[in-house]
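# Analysis of the macromolecular model
Each chain is listed here by its residues.
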Amino acid sequence: MNYWAVVPAAGVGRRMQAGLPKQYLLLNGRRVIDWTLEVLLAEPRIRGVYVALGAEDPFWESCEHAGHPRVRRVAGGEERAHSVLSALLALETEAAPADRVLVHDAARPCLRPEDLSKLLELASGEAGGLLAMPVRDTMKRADAEGRSETTLDRSRIWHAFTPQLFPLATLRDALEQALAAGVAVTDEASAMEWAGNRPRLVEGHPDNIKITRPGDLELAGFYLQKRNA
Ligand code: CTP
Ligand code: MG
């Protein structure tokens, strides 16, 4: 089985409210995206990593892994799903349709190598899979007025993380068709589900957070420091 990775990194990080996109912020002395790429590049089964970047990105060239022989840059798109699709189309020039592709957010620098391995081992089938975590709290669905309408069956609700792993051509078709149909595609699994597949939920560690809001950088710094200590 051949594996590749796609890293969407073309977002502006609006919710982070920093002076630059969050993937380029310093995290324990190193850019967020460099932490992320290091985990992917350390996995010998991954043959190449496609990074989707914004149109005029002045930061990428100064990253540690910008010149890495297994890293290639491609242009991102309007939304995350467009950035992923753009990278998949570029990947198709060197990969086979049945090759497996891992999609992993640039903004998730705390991925553990053992979780990555676990995903490769458990989700390399046709239906693919994703790292995820069962929710801990009781889950409510609100009505339009913000009142609790019902309590959901917690045993079947998960948080979806990345990486998400799928066969290249199946994922490309699902993304293209879901986008054309106007479906909200917030992750690869949602496009795959829409196309009738049931990706496997693989339980990962809760520290695989997506840096989204200001306090998240500090939390990620704590996780990485604790691990490396
Ligand atoms: N992303 C992308 N292309 C886009 C939008 C997002 O490649 N057009 C990437 C981001 O760079 C990030 C990942 O998708 O690595 C997850 O998206 P998100 O957390 O929403 O990042 P941003 O869109 O940058 O943040 P925000 O939504 O707060 O603006
Ligand atoms: Mg976004």
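Below is a short write-up of the structure.

Criteria and thresholds
- Residues numbered from 1 in each chain as written.
- Chains lettered and ligands numbered in written order.
- Predicted model: local features only at pLDDT ≥ 70, side-chain atom pairs only at ≥ 80, totals over all residues.
- Heavy atoms only, no water.
- Pairing = 2+ DSSP bridges.
- Helix = DSSP H or I, 4+ residues; strand = E, 2+ residues; numbered from the N terminus.
- Axes fitted to C-alpha atoms, helices over the stretch in contact; angles between N-to-C directions.
- Expected span 1.5 Å × (residues − 1).
- Buried < 20%, exposed > 50% of the residue type's maximum accessible area, 1.4 Å probe, protein only.
- Phe/Tyr/Trp six-rings, centres within 6.5 Å; stacked < 30°, edge-to-face > 60°.
- Lys NZ or Arg CZ within 6 Å of the ring centre and 35° of its normal.
- Near = heavy atom within 4 Å.
- Polar contact = N/O pair within 3.5 Å; in protein donor to acceptor, adjacent residues only side chain to side chain.
- Areas by Shrake-Rupley, 256 points an atom, 1.4 Å probe, with all protein chains shown as cover.
- Nonpolar A, V, L, I, M, F, W, Y, C, P; charged D, E, K, R; others polar.
- Disulfide = S-S within 2.5 Å.
- Contact = heavy atoms within 4.5 Å.

Moving on to the sheet that holds strand 5 (residues 71–75). Spatial strand order, 5-4-1-6-10-7-11: seven strands in an open sheet with mixed pairing. Two strands in the sheet have a free side with no partner beyond their single neighbour: strand 5 and strand 11 (200–203). Across the sheet, the mean angle from the axis of one strand to that of its neighbour is 30 degrees, orientation sign disregarded.

Moving on, we get to helix 2 (residues 80–91). Counted at 1.5 Å a residue, the expected span for helix 2 with its 12 residues is 16 Å, and the 17 Å between its end C-alpha atoms agrees. The complete set of buried residues in helix 2 reads Ala81, Ser83, Val84, Leu85, Ala87, Leu88 and Leu91.

Right, let's talk about the packing of aromatic side chains for a bit. For the structure on display, the rule yields two aromatic pairs. Ring geometry for Tyr24 versus Phe59: centroids 5.2 Å apart, planes at 35 degrees, classification tilted. Placement of Tyr24 in the loop between strand 1 (3–9) and strand 2 (26–27) and of Phe59 in the loop between strand 4 (46–53) and strand 5 is noted, with a sequence separation of 35 residues between them. With a relative accessible area of 1%, Tyr24 lands in the buried category. With 6.1 Å between their ring centres and 50 degrees between their planes, Phe222 and Tyr223 make a pair best called tilted. The positively charged end of Arg30 is found above the aromatic ring belonging to Trp35, 4.9 Å away from the centroid.

Let us look at the site of ligand 1. Of all residues adjacent to ligand 1, which total 19 residues, the nearest are Gly13, Arg14, Lys22, Ser83 and Lys210. Residue Pro8 places a main-chain N or O atom 2.9 Å away from an oxygen atom belonging to ligand 1. Take Ala10: an N or O atom from its main chain is 2.9 Å from an oxygen atom of ligand 1. Here ligand 1 loses 89% of its free accessible area of 560 Å² to cover by the protein chains. Elements supplying a minimum of two residues to the shell around ligand 1: strand 1 and helix 2. Per-class residue counts for the shell around ligand 1 are six nonpolar, five polar and eight charged.

Now for the state of the cysteines. Using the criterion set out here, one finds zero disulfides in the structure. The thiol sulfur of Cys110 is not disulfide-bonded, and the nearest other cysteine sulfur, from Cys63, lies at 17 Å.

Mapping Asn2 onto the fold places it in the segment before strand 1. Not counting residues up to four positions away in its chain, the partners in contact with Asn2 are Arg47, Asp99 and Arg100. Separated by 2.7 Å, the side chains of Asn2 and Arg47 make a polar contact.

Purely spatial values, then, with no claim about function.
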